[in-house]
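Given next are the chains, with one letter for each unit.
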Amino acid sequence: MSSAFNNVCQKTYSQQAQFFLNAFWKEIGNKAECIWDNWMKIKELDRLQYNALPPAKKPEVYTEGNSLDEFWSHKFLEGIGKTLSVVEFRQEFKKIDANSDKNMGLVEFLLWEYKFSVDELMKRPQGGETGEVLKAQAMLADVETRFKAAQDALDKASVTEANAKKAAVVATQSAEQANATAEAAACAAAEQKAAVDALKAQEDAHAAKTADLTQKAEAGGGSGMRAQNKHAQTLAGDPFPL
């Protein structure tokens, strides 16, 4: 395959579409809208292909690519209604992959789709665009601008969603901590109440014993004397030993 065609395959998808339209405008100018749709679809899958890359192989910022690997190429064909079995896809992919690099550029797909050869493509002039070609290029540029704006909005929405999820996690953790603190406070309050109740029971028992001894002491006699002595001992002792 010529190095010139390989250079075309290294262009971005939008540039590949422009190159193809410049070459075959007379034949497929009326298919421009379908080609725009193909370009939009392949860019969508190109972004997914980028997202699926391992971090070590992924550029820091996404930029429009130039080809899909076999997996994403199969997804592309399915996405535009060309459902093929694995065997059928491999057979057709060999025809699509004009430069045999095991990837599919948009220009390769368009050559396969509209039954043009690489030789025909490379022989067609690219300069001196007609008014219709310029119009088509302007349409493509406009669609690309709108697509980028939509993608930027989607990226911002994804960031906002991620921040919202993070805030929800923090709020959940705070609520769990608050519940744990409340439970600990409730346990401490219960323990304090039990201690107060126990002390109150001791106070009541001491008061009852004192009242009983006082009554017996006031009765006089031998038992009264004993009661007075015991009453004095009771008053002298610690009423609430630890």
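These figures come from a predicted structure and were not determined experimentally.

Q: Honestly, the environment of Glu70 in this entry has me stumped. Any pointers?
A: Here Glu70 shows up in helix H4 (residues 70–79). You can call Glu70 partly exposed: its relative accessible area is 32%. Sequence separation between Glu70 and Met104 is 34 residues; the distance between their C-alpha atoms is 7.4 Å. Excluding residues that lie within four positions of it along the chain, Glu70 makes contacts with Phe89, Phe93 and Lys102.

Q: Even after reading the chapter, I still don't get the packing of helix H3 (residues 32–51) against helix H6 (residues 106–113), so can you show me in this structure?
A: When two helices pack together, their arrangement is captured by the angle between the axes and the distance separating the axes. Where H3 contacts H6, the two axes come as close as 11 Å, and the packing angle between them is 140 degrees. Compared by their axis directions, H3 and H6 come out oblique. Here the hand of the crossing between H3 and H6 comes out right-handed. Contact residues: Ile35, Asn38, Trp39 and Ile42 in H3; Leu106, Phe109 and Leu110 in H6. Looking at the contact of H3 with H6 residue by residue, the classes come out as six nonpolar, one polar and no charged.

Q: Honestly, H3 in this entry has me stumped. Any pointers?
A: A turn of α-helix holds 3.6 residues, and therefore any two residues three or four places apart point the same way. Taking 1.5 Å per residue, 20 residues should reach 28 Å; H3 reaches 29 Å between its end C-alpha atoms and fits that length. Within H3, the full set of buried residues consists of Ala32, Ile35, Trp36, Asn38, Trp39, Ile42, Lys43, Leu45, Asp46, Arg47, Gln49 and Tyr50.

Q: How do you make sense of the pattern of salt bridges when you look at a structure like this?
A: Pairing between side chains becomes possible if they bear opposite charge and their charged atoms approach one another. One pass over the full model with this rule turns up five salt bridges. The partner of Lys43 in a salt bridge is Glu64, with the nearest N and O atoms 3.7 Å apart. In this pair, Lys43 is assigned in helix H3 and Glu64 in the loop between H3 and strand S1 (68–69), connecting sequence segments 21 residues apart. Residue Lys43 is classed as buried on the basis of its relative accessible area of 6%. Its relative accessible area of 15% is what places Glu64 among the buried residues. Note that Lys82 is salt-bridged to Glu113, the shortest N-O span being 3.2 Å. Here Glu113 lies in helix H6 and Lys82 lies in the loop between H4 and helix H5 (86–96), a separation of 31 residues in the sequence. Since its relative accessible area comes to 27%, Lys82 is described here as partly exposed.

Q: For this particular structure, what's the right way to read the packing of helix H2 (residues 13–28) against H6?
A: One way to put it is that H2 packs onto H6 with a least axis distance of 8 Å and a crossing angle of 35 degrees. Across from Tyr13, Gln16, Ala17, Phe20 and Phe24 in H2, the residues of H6 making contact are Leu106, Val107, Leu110 and Leu111. In the contact of H2 with H6, the residues fall into eight nonpolar, one polar and no charged.

Here is what the cut-offs are and how they apply
- Residues numbered from 1 in each chain as written.
- Predicted model: local features only at pLDDT ≥ 70, side-chain atom pairs only at ≥ 80, totals over all residues.
- Heavy atoms only, no water.
- Helix = DSSP H or I, 4+ residues; strand = E, 2+ residues; numbered from the N terminus.
- Buried < 20%, exposed > 50% of the residue type's maximum accessible area, 1.4 Å probe, protein only.
- Contact = heavy atoms within 4.5 Å.
- Axes fitted to C-alpha atoms, helices over the stretch in contact; angles between N-to-C directions.
- Parallel < 35°, antiparallel > 145°, perpendicular 65-115°, else oblique.
- Left-handed = near helix turned anticlockwise from the far one by under 90°.
- Nonpolar A, V, L, I, M, F, W, Y, C, P; charged D, E, K, R; others polar.
- Expected span 1.5 Å × (residues − 1).
- Salt bridge = Lys/Arg side-chain N within 4 Å of Asp/Glu carboxyl O.

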